[in-house]
Amino acid sequence: MGGDLNLKKSWHPSLMSNQKKVWEEEHRALEERKKIEQIRKERDEERQLQELQDLQEAAGGKKRQSRVDWMYSGPSSGQTGTTEETEAFLLGKRRVDTLLQGKEKEGLQKAASQDAFVAVQNANTARDTASKIRDDPLLAIKKQEQAAYEAMMSDPVKRRMLLKAAGRDEEPDRERKRREHHHHSSRHRDIDNEGRSRHRSSRDDDQQYGRSRHRRRILFPRSMATVASQIFSIDEQQYLIYPTRVSLKSQLLKHLKTNQSHQDLVAVTAISWDKSVFTKDDLEDVCHRYENSDDVWARGFLSLVILLQPPKMKCLTSSKRILSINNARAKLPAGPLVIQKATGHIFMVAKLMPDTNAAFVSSIVPSTKIKAGFTEYMRSEDVQIPVPSKLYFPENKKKPLNGVRVAVKDSIALKGLRTSFGSKAWLDTYPAERATAPCIQKLVDAGAIVLGQVKTTEFAEGVDACEWIDTVCPFNPRGDGQQEVSSSSSGSAAAMAAYDWLDVAVGTDTGGSIRHPAGVNGCYGQRPTHGRVDLAGVLGATDLFNTVGIFARDVEAFSKVGGYLVDGTSLERRMMPAERKFNLLYPTRAPQTRNPDPHHGGQHRWFPHPEIDQSTWTEAEKQIEQTVVQMEKLFNCRRIPFNINELWRATPVIGQPKSLDEAVGHIYSAVTTSSAFHTGIKEFVAEYKRQNGGMEPAISDIVRARLDHGRTVTPEEISDALQAMQAFREWTENTIFGSYDADSTTILIFPQTCGRPNYRDELPDRSVLFNDTFSIYAFGYLVGCPDYTLPVAEVPYTSKVSGQTEYLPASISLIGRPGTDLELFDVVKYLHQHGALSDLKAGSRMFSDN
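Think of each chain on its own: its residues are numbered from 1, step by step along the sequence as written. Note on the predicted model: pLDDT of at least 70 is required for a residue's local features to be given, and 80 or more for side-chain atom pairs to be given and counted; whole-chain, interface and lining totals, by contrast, use all residues. Hydrogens and water molecules were not included; the side-chain quantities draw on all heavy atoms of the structure.

**Q** Help me get a handle on the overall build of the chain, residues and values and all.
**A** Only DSSP runs of H or I reaching four residues or more are called helices, and only runs of E reaching two or more are called strands; each is numbered from the N terminus. The helix and strand tally for the chain stands at 28 helices and 20 strands. Three labels apply to residues, based on accessible area from a 1.4 Å probe with only protein chains included: buried if under 20% of the type maximum, exposed if over 50%, partly exposed otherwise in between. Looking at the chain as a whole, 48% of its 850 residues qualify as buried. Between two residues, a contact is recorded if the distance between any of their heavy atoms is within 4.5 Å. Considering only intrachain contacts with a sequence separation of at least 6, the fraction spanning at least 24 residues in the chain is 72%. For every accessible area listed, the method is Shrake-Rupley and the probe measures 1.4 Å; residues are considered covered only by the protein chains on display. Looking at the chain as shown, the accessible area adds up to about 43500 Å², and 51% of this sits on carbon and sulfur atoms.

Printed below as a string of structure tokens:
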């Protein structure tokens, strides 16, 4: 169906079909009111009976057991009845994960008896099994016996006495040295893998553990025995080196010792080669390929070249700088390596990249002490990020994201690291995470490499750069470098726009925290369908609106990683955009030219009305118009202009105001502030005060004001907000998307950013705490629609900082029906293939050299 939404006949009030629909809605509402009245009547009767029972008990009567008292009775530890705290957990007012993160769990464990522990634990969970193994007294005894035996055998006098008593002579020196070396190596392996052994409870686990150890010698994340303390420099560039537990053969070690260099560490390039001849031209071709595909390798690693050949192949090259080895035994990765001449040990390298835009909280490396965990390499305002070579990660069908470099927002759990949630007080209050959030673990299991944690605003609230209190707000690299970075996924967006060595950044979006930062920082941003991504281990104001998505500069990486995040198992062939029927919804503002959109800091969220002369359009609107025209041509459709406020009034929702602002504008502020206060911040403040002698945590004025507002929101206001939310969701599904064929692809587009300067040092107007008007972001957080931000142009402006012409991003958003995430990625790739979208560059400019 095509045409103007405002002229659709199905919405004309004079038709019988519309009158019938209104009558049915009124009849349904009447039945609903009858049911509500019946429920109220039953509750009044129950309340009267309860009051009568209370009077009888007060007069000395027998106390009657309530039918639901058993739900509130304590566990087998002896607790009876209920407490306010327990009831809060049962009613969902308190989050259970606070017990796992704070010190309350330790208190519960100390208070519980051994019998209660056995009765309460669920033996079917991996955590409980591991706990029982760890606390097994027999296991402790065996460990003590083993320690005593090792101590005794380390004493040469006692060892000789034992051997003599057994009728054996002292071991020969050669055998003794071999045994001591073997014992020493085994002991270090046991220490290194102590955490892992606690969780291996089956034969399959043992086999999987063996395989992971084998891979550990090949891949970068598995190659770190410890966090390297040695820095290696080539051409003034610093590299962090990691041991691979691989040593060269004796003949190669001999060759290294004849090297004229006086340095103990030698830079080496390993090349996978399957031909019988390797010439200088081949070496130059490989160097060009490495330079184009990897940002870590440099020609300084050519002091020695190692050809990694299959067995039964020989290299005919006679150069002294080129050595050929059988990689079936060495298991070396291709790429830049460092060899220690004294020992022959081989190291992988990670290039240390500076955080010039203050986007990172910390840089990290995988931990070998914590299974599948991470270790903090550096945490400071001048943090450096170790970046491994991409050559270490060849294509792998089993790991579709092999080698993808990822930065993670500091509100998402990473095992072994502390999460600050944008607050130093929060960081100091809670211990390190015990598990990685499933959404991140999913990417890691697919081969992604996590490089560090990136900044977020305080408790992921929307604040401006001048309102940060604990650290420096990240810098938006676009334009003159002094523009607002937006929030709350500010670090994720700034890092993605600034650093070409980063492939993907993970952020969260509650009310626009991915979409707007992606727009103003000039990168692709994904807010998935709500509910498609597991939110375990993810902090935010409310899971009712919050979700996890990604930022990217490259369309292929954006589609690949974003698609895997929402559906890593989908192998079905989807219809290509050229085979589909499209409906392109085009929301416009009213036919006026002055102050077209007073909200959102002047950023337009609507297209110009068709009646407005295009000569009055802004430069951004003209450039965005070119993209819309391309989409019409590629999708073989015409845009459908409509005004959403007029559409809401023309299709009334029973029981809701005629004004869209009045109907839904209050929902976000009521739900998010109340939920943030009651399900996390309230407990945090109490715990911080307990640990710090009653001192209040540092919280910025704007965030404290919003939390105070959340404290005063009543249950009735929350109920009204949820009812309004459901009404808007049904209206969107029926009116916006439901008016078209379900087999067609209906896309709502709108201008995301229009390249207007917004300097980071400008003080925001906080005279009004909330902007309780309708936001087009509501399709994402109220309806749960997927919403992707796509940069399409650069807009020139004269910078008050540099005094020169600079350029800022102009972007659009695509919104689809809930569940159409993969279809939208197909659309993005299709637009990219036909030139409507482009891959982006890092730095001040998106499309041209900086």
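**Q** Residues and numbers for helix α28 (residues 821–833), please.
**A** Side chains of residues three or four places apart in an α-helix project in the same direction, reflecting 3.6 residues per turn. Between its first and last C-alpha atoms α28 spans 19 Å; for 13 residues at 1.5 Å apiece the expected length is 18 Å, and the two agree. Along α28, the residues classified as buried are D821, L822, L824, F825, D826, V827, V828, Y830 and L831. Positive phi shows up at G835, right after α28, with a value of about 85°. A helix is expected to span 1.5 Å multiplied by its residue count minus one.

**Q** Can you tell me about helix α20 (residues 555–566), naming the residues and giving the values?
**A** Relative to the 16 Å expected for 12 residues at 1.5 Å per residue, α20 spans 16 Å between its end C-alpha atoms, a close match to the ideal helical length. Burial analysis of α20 places 10 of its 12 residues in the buried class, the great majority of the element. Regarding α20, the residues found buried are V555, A557, F558, S559, V561, G562, G563, Y564, L565 and V566. Those residues of α20 that are buried lie in contact with α17 (438–445), β13 (504–509), β14 (524–527), β15 (547–552), β19 (787–798) and α28.

**Q** Requested: an account of the packing of aromatic side chains, with residues and values cited.
**A** In summary, the pairing rule links any two rings of Phe, Tyr or Trp, Trp by its six-membered ring, whose centres are within 6.5 Å, and it sorts them by plane angle into stacked for under 30 degrees, edge-to-face for over 60 and tilted for everything else. Taken as a whole and assessed by the stated rule, the structure comprises 32 aromatic pairs. Taken together, a centroid distance of 4.8 Å and an interplanar angle of 90° make the contact between W273 and F278 edge-to-face. Taken together, the aromatic side chains of F421, W426, Y430, F459, F684 and Y688 make up a single cluster linked through ring pairs. The criterion for a charge sitting over a ring is simple: Lys NZ or Arg CZ within 6 Å of the ring centre, and within 35 degrees of the ring normal. The lysine or arginine in question, R760, covers the ring of F475, its NZ or CZ lying 3.7 Å from the ring centre. We note R845 situated over the ring of Y807; from NZ or CZ to the ring centre the distance is 3.8 Å.

**Q** Mind laying out the packing of α17 against α20, listing which residues take part and the relevant values?
**A** A pair of packed helices is captured by two measures, namely the crossing angle of their axes and the spacing between those axes. To obtain an axis, a line is fitted to C-alpha atoms, over the contacting stretch when the element is a helix, and the angle between two such axes runs from 0 to 180 degrees between their N-to-C directions. At a minimum axis separation of 10 Å, α17 and α20 run at an interaxial angle of 125°. Judged on the interaxial angle alone, α20 and α17 are oblique. Crossing handedness for the pair α17 and α20: right-handed. Contacts between α17 and α20 involve C439, K442 and L443 from the first element and V561, Y564, L565 and V566 from the second. Residues are sorted three ways: Asp, Glu, Lys and Arg are charged, Ala, Val, Leu, Ile, Met, Phe, Trp, Tyr, Cys and Pro are nonpolar, and all the rest, Gly among them, are polar. Class assignment for the residues of the contact of α17 with α20 results in 6 nonpolar, no polar and 1 charged. Here the angle decides the label: under 35 degrees means roughly parallel, over 145 means roughly antiparallel, 65 to 115 means roughly perpendicular, and every other value means oblique. Should the near helix be turned counterclockwise from the far one by less than a right angle, the crossing is left-handed, whereas a clockwise turn marks it as right-handed.

**Q** Before we move on, could you go through the sheet that holds strand β8 (residues 360–366) and cite the residues and values that matter?
**A** Here a strand pair is declared whenever DSSP counts at least two bridges between the two strands. The strand order β9-β8-β12-β11-β13-β15-β14-β19-β20-β18-β16-β17 describes an open sheet built from 12 strands, whose pairing is mixed. Two strands close off the open sheet at either side, each with one partner strand: β9 (374–378) and β17 (639–642). Pairwise comparison of adjacent strand axes, ignoring direction, gives a mean angle of 30° for this sheet. When β14 meets β15, the two strands line up antiparallel, connected through 2 bridges. Its bridge partner being in β15, G525 is matched across the sheet by F551. Against the sheet, helix α18 (residues 490–498) contacts β8, β11 (405–409), β12 (449–454), β13 and β15, and its axis sits at roughly 155° relative to β13.

**Q** Before we move on, can you summarise the environment of N357 with the specific residues and values?
**A** Within the fold, N357 resides in the loop between β7 (345–354) and β8. A C-alpha to C-alpha distance of 9.8 Å links N357 and V472, two positions 115 residues apart in sequence. Each residue touching N357, except ones within four places of it in the same chain, is listed here: P474, F475, N476, P477, A498 and Y499.

**Q** Quick one: what's the story with unusual backbone geometry, residue by residue and with numbers?
**A** Here the bond from S487 into S488 is cis, since omega is 5°, no more than 30 degrees from zero. Of note, the phi angle at D235 is positive, near 50°, even though the residue is not glycine. Even without a glycine there, the phi angle at A358 is positive, about 55°. Here A358 lies in the loop between β7 and β8. Note on A358: relative accessible area 9%, which makes it buried.

**Q** Go over the nonpolar core, please, and point to the residues and values.
**A** By size, the foremost hydrophobic cluster in this structure holds 90 residues, and its most contacted members are I271, F360, W501, L502 and F684. If we skip the residues at most four places from it in the chain, L502 touches R405, V406, A407, L451, A495, M496 and R553. In these notes, a set of buried Ala, Val, Leu, Ile, Met, Phe, Trp, Tyr and Cys residues joined through side-chain atoms within 4.5 Å is what counts as a nonpolar core. F582, Y788, L824 and F825 belong to the second largest nonpolar core, which has 63 residues in total.

**Q** Could you give an account of the packing of helix α21 (residues 619–635) against α28, with specific residues and numbers?
**A** With their axes 11 Å apart at the nearest point, α21 and α28 run at an angle of 105° to one another. Between α21 and α28, the interaxial angle falls into the category roughly perpendicular. Facing α21, whose interface residues are M631, L634 and F635, α28 presents V827, Y830 and L831. Here the residues of the contact of α21 with α28 are counted per class, giving 6 nonpolar, no polar and no charged.

**Q** Please provide a residue-by-residue account of the confidence of the model for the chain, values included.
**A** Close reading of the predicted structure is inappropriate where its pLDDT is low. pLDDT is defined as a per-residue confidence score from the predictor, taking values between 0 and 100. For the chain, per-residue confidence averages 81 on the pLDDT scale, and 72% of positions sit at 70 or higher. Across residues 598–603 the pLDDT falls below 50, and counting only partners more than four positions away or on other chains, this stretch makes 13 contacts in the model.

**Q** Lay out the environment of L539 in plain terms, naming residues and giving numbers.
**A** Within the secondary structure layout, L539 lies in the loop between β14 and β15. The spacing of L539 and T508 is 31 residues in sequence and 9.0 Å in space, taken between C-alpha atoms.

**Q** Tell me what's going on with the side chain of E625, and back it up with residues and numbers.
**A** For E625, the position within the fold is in helix α21. The contact partners of E625, leaving out residues within four places of it in the chain, are Y586, W617 and R639.

**Q** Help me get a handle on the pattern of salt bridges, residues and values and all.
**A** Any Lys or Arg side-chain nitrogen found within 4 Å of a carboxyl oxygen on Asp or Glu counts as a salt bridge. Taken as a whole and judged by the stated rule, the model has 25 salt bridges. Across the pair D294 and R405 runs a salt bridge, and its minimum N-O distance is 4.0 Å. Here R405 lies in strand β11 and D294 lies in the loop between α14 (280–293) and β4 (305–309), a separation of 111 residues in the sequence. Neither residue differs from the other here; D294 and R405 are each classed as buried. The network of salt bridges with common partners includes D509, R515, R527 and D787.

**Q** I'd like a rundown of the side chain of D355, residues and numbers included.
**A** Position of D355 relative to the elements: it lies in the loop between β7 and β8. Reaching out from D355, the side chain makes a polar contact with the side chain of Y499 at a distance of 2.4 Å. With near-sequence residues (within four places) excluded, D355 lies in contact with F360, V383, I385 and Y499. In protein, a polar contact means a hydrogen-donor-capable atom and an acceptor-capable atom, both N or O and within 3.5 Å, with residues adjacent in sequence counting only if both atoms are side-chain atoms; elsewhere, any N or O pair within 3.5 Å suffices.

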